[in-house]
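Each chain is listed here by its residues.
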Amino acid sequence: MKWVPKNFGRLAEALLEHLYLVLSSVGIALVISLIVGIWAARRPRTFGAIVIVTGVLFAVPSLALFALLIPVLGIGAAPAITGLAAYSLMILIRNIGLGFQAIPRDVLDAANGMGYGTPRRIWEIELPLAMPFVVGGIRIAIVTVIGIATVAAYINAGGLGVIIFEGIDQRFPEKILAGGLLTSALALFADYLFASLEKYLRRRNGRQAA
């Protein structure tokens with residue numbers, strides 16, 4: 001391992017670029033998904049149709065989706081973030097919708113009986129109860145996007161994929177290993193962090209229900 005000790009700065013820069021791609025895309029998708037998921041949760045047919053449409057987007061190979069976005073957005077981070085956000089939509093909308101659908105009807109009726117308007121009921125009652133589902137969706141989306149974001153190096157978006165593909169082109173196993181291990185470590189850390197938060201929220205909701 002000679003290349004890695006001499007290139008910590010470059011690896012750190014690639015890691016930060018990767019984090020920027022992941023957090024930006026999932027953040028954008030989360031805002032959209034909260035609006036769409038909460039609205040569609042009480043409309044089962046609409047919710048099902050939205051999940052199918054976003055599922056079709058999710059099934060498109062990443063290179064093909066990025067290539068379709070290049071004529072509109074050019075190369076670089078913009079098409080990468082747009083494509084990665086599109087991949088996150090199905091996961092987030094589905095989880096958010098399921099979380100709101102899982103709220104007992106009597107809880108909603110009690111909130112309505114206490115004079116809660118829709119915005120207040122969503123913010124103070126429904127969203128806290130659905131939060132474990134929301135965090136679970138964020139966890140799956142982030143872990144998924146961390147892996148897919150490596151492919152974005154093909155369109156000059158930066159990230160850890162640059163190190164991996166350089167290693168492939170140069171037949172340099174150490175670069176491939178360094179980029180791959182950092183990507184895996186990032187995904188495992190994110191999974192652990194959000195899984196712990198999800199478990200905490202479920203325990204808290206369980207104590208409040210009791």
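Everything numeric here is computed off the predicted structure, so don't read it as measured data. (Residues numbered from 1 in each chain as written. Predicted model: local features only at pLDDT ≥ 70, side-chain atom pairs only at ≥ 80, totals over all residues. Heavy atoms only, no water.)

K.L.:
So, the UniProt feature "transmembrane region" (unreviewed entry) in the protein: which residues are in play, and what are the values?
P.N.:
With numbering matched to this structure, UniProt assigns "transmembrane region" (unreviewed entry) to residues 20-40, 47-69, 75-93, 129-156 and 176-195. Annotation note: span residues 75-93, helix share 89%, strand share 0%, distance between end C-alpha atoms 28 Å. (UniProt positions renumbered as here; feature names shortened; annotations may be inferred. Helix = DSSP H or I, 4+ residues; strand = E, 2+ residues; numbered from the N terminus.)

K.L.:
So what about the side chain of E198? Which residues, and what values?
P.N.:
In this structure, E198 sits in helix α9 (residues 173-209). Using a relative accessible area of 12% as the deciding quantity, one classes E198 as buried. Setting aside its immediate chain neighbours within four residues, E198 contacts P132, V135, G136 and R139. (Buried < 20%, exposed > 50% of the residue type's maximum accessible area, 1.4 Å probe, protein only. Contact = heavy atoms within 4.5 Å.)

K.L.:
Outline the packing of helix α4 (residues 62-73) against helix α5 (residues 77-101), supporting the account with residue identities and numerical values.
P.N.:
With their axes 9 Å apart at the nearest point, α4 and α5 run at an angle of 130 degrees to one another. One element, α4, and the other, α5, form an angle in the oblique class. At the point where α4 passes α5, the crossing takes the right-handed sense. Along the contact surface, α4 presents S62, L65, F66, L69 and L73, while α5 presents A78, P79, A80, T82, G83, L84, A86 and Y87. Split by residue class, the contact of α4 with α5 holds 10 nonpolar, three polar and no charged. (Axes fitted to C-alpha atoms, helices over the stretch in contact; angles between N-to-C directions. Parallel < 35°, antiparallel > 145°, perpendicular 65-115°, else oblique. Left-handed = near helix turned anticlockwise from the far one by under 90°. Nonpolar A, V, L, I, M, F, W, Y, C, P; charged D, E, K, R; others polar.)

K.L.:
Tell me what's going on with the pattern of salt bridges, and back it up with residues and numbers.
P.N.:
As enumerated under the stated definition, the model contains nine salt bridges in all. Taking the shortest distance from any N to any O, the salt bridge between D191 and R139 comes out at 2.9 Å. Within this pair, whereas D191 is found in helix α9, its partner R139 is found in helix α7 (residues 118-148), the two being separated by 52 residues in sequence. When the shortest N-O distance is used, the salt bridge between K175 and E166 registers 3.1 Å. On the basis of relative accessibility, which here comes to 6%, the residue K175 falls in the buried class. Look at the salt bridges and you will find they share partners, linking R139, D191, E198 and R202 into a network. (Salt bridge = Lys/Arg side-chain N within 4 Å of Asp/Glu carboxyl O.)

K.L.:
Which residues make up the packing of aromatic side chains, and what are the values?
P.N.:
One pair of aromatic rings is described through two measures. These are the centre distance and the angle between the planes. Scanning the model with the defined rule gives three aromatic pairs in all. A ring pair is formed by W3 and F172, whose centres lie 6.4 Å apart and whose planes are at 65 degrees; its orientation type is edge-to-face. Placement of W3 in helix α1 (residues 3-6) and of F172 in the loop between α8 (160-170) and α9 is noted, with a sequence separation of 169 residues between them. Given the relative accessible area of 11%, W3 is considered buried. Sitting above the plane of the Y116 ring, R120 keeps its charged end 3.9 Å from the centroid. The ring of F133 has R202 sitting right over it, with the charged end atom 5.1 Å from the ring centre. (Phe/Tyr/Trp six-rings, centres within 6.5 Å; stacked < 30°, edge-to-face > 60°. Lys NZ or Arg CZ within 6 Å of the ring centre and 35° of its normal.)

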